[in-house]
Amino acid sequence: MNGTDAIANVTRRTEGRTAGELNVAAGTALAEMLRTTLGPNGRDKMLVGDGTVVLTNDGASIVDRMDIESPAAKLVADVARAQSGELGDGSTSAIVLAGALLDEAESLLDDGFHPTTVVEGYHEAARRVHETLDAVALPSDGDDPLRNVVATAITGRWDDERTAFLADLAVRAYRAARDDGDVHLENVTIHGVAGGETTDSELLDGLVVDIDASSTSLSEVPTPVPRRLRDARVAVVDDQLTIQSPDAVSRYSLESVDDLRRAQEHESAEYRRYAETLDAHDVNVLFCQKSVDDRLRALLAREGIIVFERTRQDEVHKLERATGARAVMRLDALDEEAVGHADEVERVDLGGGSFVVVRDASSTQVSVLLRAGTAHVVDETERIVTDAIALLETFDDRSGLVPGGGATEVALASDLRDYGRGVAGREALAVESFADALETIPVALARNAGLDPIDTLLELRRRHAEGEGRVGIDGDAGDLVDVVDRGVVEPTRLKERVVANATDAAALVLRIDGVIETAGSAGGDGHDHDHDHDHGHAGGLQSDPGGYPWAIGH
Ligand code: ADP
Ligand code: MG
């Protein structure tokens with residue numbers, strides 16, 4: 001084998017125009033696939049793999065689970081992840097727009113444009129869009145903008161009644177997490193429970209602990225433990241409750257029956273002291289971060305104290321916020337101030353699982369308990385509500401709303417066409433192509449709503465030209481309406497990021513002029529396709545160690 005053959009064996013190369021075409025085609029194919037999921041009438045994709053089935057119309061969730069082979073399509077898919085990670089919404093739009101930008105670029109390249117010219121024109125257009133968006137933005141008054149933002153973001157999954165219900169739930173959860181302008185999303189916990197109606201979902205002041213899924217457990221004791229306690233006095237111990245000082249035992253040499261008896265007596269005395277301390281403060285619910293000795297548990301149960309053990313560290317903090325308790329390292333350190341209060345501590349069985357609900361009216365911790373008929377729908381609901389709350393934080397960061405339903409894209413496209421006329425050189429045409437690409441959003445919304453896409457686009461352009469800047473597609477009626485009147489509005493910042501992320505992705509793909517397959521390129525892409533919620537979120541919605549954002553119960 002000569003040297004050249006050896007190189008050919010480890011690499012396959014595609015270069016120049018061919019590489020460009022293949023990349024563009026891969027990017028547009030991905031966008032094409034997602035177009036039908038866009039908007040309130042978007043259809044779901046059913047993602048099947050490794051024994052799991054996920055139904056979703058969320059762009060980020062779809063690309064997360066797809067086996068994407070083309071490196072260029074992967075670049076575009078990353079847009080969805082970036083978009084969703086930043087803002088929790090807009091991932092489908094970003095991919096559809098990126099695909100449209102690539103599609104438009106292809107025609108320009110066919111006409112002999114250099115990719116760099118196209119990229120520069122696109123960046124110029126994106127800059128202009130950034131500036132224009134503020135001009136398009138609506139005054140943030142009128143009826144509850146937060147609710148409208150959420151209702152638009154969670155579009156396409158439920159009927160109006162349930163959409164309104166969940167939007168209200170998400171807004172209330174978000175408001176509960178907001179304190180003097182600071183948002184503490186860690187104060188909101190979301191639990192999905194299969195079984196029941198969506199409208200059975202609720203927002204609780206306090207904490208819900210999933211006994212089955214969390215490490216927290218309620219140990220078996222011979223004495224029956226009450227299922228519900230009102231006006232509970234809650235102690236939280238940040239350590240284990242076994243014998244207080246292990247040295248105490250080892251001091252005895254335990255050589256005789258006598259020594260053993262003395263050791264046991266010491267233990268019993270310690271445990272009685274624990275019970276007395278709890279008793280002195282009228283504590284009837286004890287959460288312990290580590291384990292509690294069997295004998296102590298039995299003793300406390302006889303005293304009527306419910307003991308939960310192995311409560312996770314993050315749950316400890318949540319309990320502190322829910323009850324006002326202050327976790328103590330040792331029970332000896334328990335004082336009146338450290339004891340928390342709960343209006344009610346209740347063990348409930350929901351959807352086949354057991355939960356502890358710790359409610360208190362003055363809790364700064366809130367829990368969203370989401371219900372839906374099946375596990376699939378619950379998962380999707382959990383994901384959507386989580387994203388919606390993340391989006392609200394963005395909205396508050398920089399207030400400002402733009403009309404949804406494709407109206408803003410039509411307005412931006414029209415502005416860009418005017419603007420393009422003033423741009424010198426060939427880039428002007430790329431700016432114009434950018435305008436055409438923006439209009440694929442209203443076109444896709446129209447098509448998904450069963451409208452004729454061309455007629456609708458022409459009608460939208462005409463009415464916008466006549467000054468009706470808020471006319472867009474009404475997802476429900478399949479008609480053109482003043483979308484703002486219908487409450488179809490989106491955060492300005494969301495639109496801005498969709499355009500910026502899509503432009504970046506298209507530019508990345510267009511700049512590639514050669515694809516070199518390296519020896520190690522065969523096989524998977526390293527993405528975990530089974531993982532739910534594995535895109536990160538803006539604003540501190542970090543995954544817990546189990547990989548699920550929010551959940552305390554995983
Ligand atoms: P994304 O992943 O981009 O958020 P969606 O499927 O959520 O994709 O669709 C978002 C698009 O749907 C936006 O352009 C938004 O304005 C539009 N939209 C949302 N609700 C409605 C509605 N009720 N009527 C018309 N368009 C809507
Ligand atoms: Mg959305």
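Note that the structure is a prediction, hence the values are computed from the model and not measured. (Residues numbered from 1 in each chain as written. Chains lettered and ligands numbered in written order. Predicted model: local features only at pLDDT ≥ 70, side-chain atom pairs only at ≥ 80, totals over all residues. Heavy atoms only, no water.)

**Let's talk about the pairing of strand 16 (residues 471-474)**
Here is the rule: Here the rule is simple: two strands pair whenever DSSP picks up at least two bridges between them. Helix and strand labels come from DSSP, where a helix needs a run of H or I of at least four residues and a strand needs a run of E of at least two; each type is numbered from the N terminus.
Two elements, strand 16 and strand 17 (residues 479-482), share four bridges in a ladder whose sense is antiparallel. When the bridges of strand 17 are listed, Val471 appears paired with Asp482. Linkage of strand 16 to strand 17, two consecutive antiparallel strands, is achieved through a turn of four residues, within which Gly478 is found at a positive phi near 65 degrees.

**Details of the site of ligand 1**
Threshold: The rule for a residue being near a molecule or strand is that one of its heavy atoms must lie within 4 Å of it. We call two N or O atoms a polar contact when they sit within 3.5 Å, provided that within protein one can donate a hydrogen and the other can accept it, with sequence-adjacent residues counted only if both atoms are side-chain atoms. What sets the accessible areas is the Shrake-Rupley method with a 1.4 Å probe; for residues, cover comes only from the shown protein chains. Each residue gets one of three labels, nonpolar for Ala, Val, Leu, Ile, Met, Phe, Trp, Tyr, Cys and Pro, charged for Asp, Glu, Lys and Arg, and polar for the others, Gly among them.
Surveying the vicinity of ligand 1 reveals 19 residues, the closest of which are Asp89, Thr92, Ser93, Gly405 and Glu490. One of the backbone N or O atoms of Gly39 is found 2.9 Å from an oxygen atom in ligand 1. Burial of ligand 1 by the surrounding chains reaches 94%, relative to a free accessible area of 570 Å². Put simply, the parts of the chain that give the shell around ligand 1 at least two residues each are helix 5 (91-110) and strand 16. In terms of residue count, helix 5 provides more of the shell around ligand 1 than any other element does, three residues in total. A class-by-class count of the residues in the shell around ligand 1 yields five nonpolar, eleven polar and three charged.

**A look at a negative patch on the surface**
What counts here: Patches in this entry comprise residues that are over 30% relatively accessible and not in a salt bridge; like charges within 9 Å are linked, as are nonpolar side chains (Val, Leu, Ile, Met, Phe, Trp, Tyr) within 5 Å. For this analysis, a salt bridge means a side-chain nitrogen from Lys or Arg found within 4 Å of a carboxyl oxygen belonging to Asp or Glu. Note that His is not counted, nor are the chain ends; the positive residues are Lys and Arg, and the negative ones are Asp and Glu. To locate a charge, the coordinates of NZ of Lys, CZ of Arg, CG of Asp or CD of Glu are taken. The buried label applies to any residue whose accessible area, calculated with a 1.4 Å probe on protein chains only, is under 20% of its type's maximum; exposed applies above 50%, and partly exposed to all values in between.
On the surface, Glu161, Glu197, Asp200 and Glu202 cluster together to form a negatively charged patch. Take Glu197: its relative accessible area is 40%, and that puts it in the partly exposed class.

**Quick look at unusual backbone geometry**
At Asp282, a residue that is not glycine, the phi angle is positive and equals roughly 55 degrees. Looking at the secondary structure, you find Asp282 in the loop between helix 10 (257-280) and strand 10 (285-288). Accessibility expressed as a relative area gives 53% for Asp282, which makes it exposed. Positive phi, normally seen in glycine, also occurs at Arg310, with a value near 55 degrees. In this structure, Arg310 sits in the loop between strand 11 (306-309) and helix 12 (313-323).

**A closer look at helix 5**
The test is simple: Expected span of a helix: the number of residues minus one, times 1.5 Å.
Taking 1.5 Å of rise per residue, the 20 residues of helix 5 would be expected to cover 28 Å, and the 29 Å separating its terminal C-alpha atoms lies within 8% of that figure. Within helix 5, 15 of the 20 residues are buried, which leaves the element mostly enclosed by the surrounding structure.

**Section: empty space enclosed by the protein**
Over the atoms rolls a probe the size of a water molecule, and in doing so it shows where empty space is left. Convention followed: A cavity here means a set of 1 Å grid points, computed over protein atoms only, where a 1.4 Å probe fits but cannot escape. A pocket is an open set with protein on both sides within 12 Å along at least 5 of 7 lines, and lining residues have an atom within 4 Å of a point. Grid points are joined across faces, edges and corners, and a volume is the space filled by probe spheres set on the points.
Under the defined criterion, the tally for this structure stands at three cavities of 30 Å³ or more. In this structure, the largest cavity encloses a volume near 80 Å³. Taken together, eleven residues form the lining of the largest cavity, with Val54, Leu55, His376, Asp379 and Glu380 sitting closest to its centre. At the level of secondary structure, the elements contributing two or more residues to the lining of the largest cavity comprise strand 3 (52-56), helix 3 (59-65) and helix 13 (375-397).

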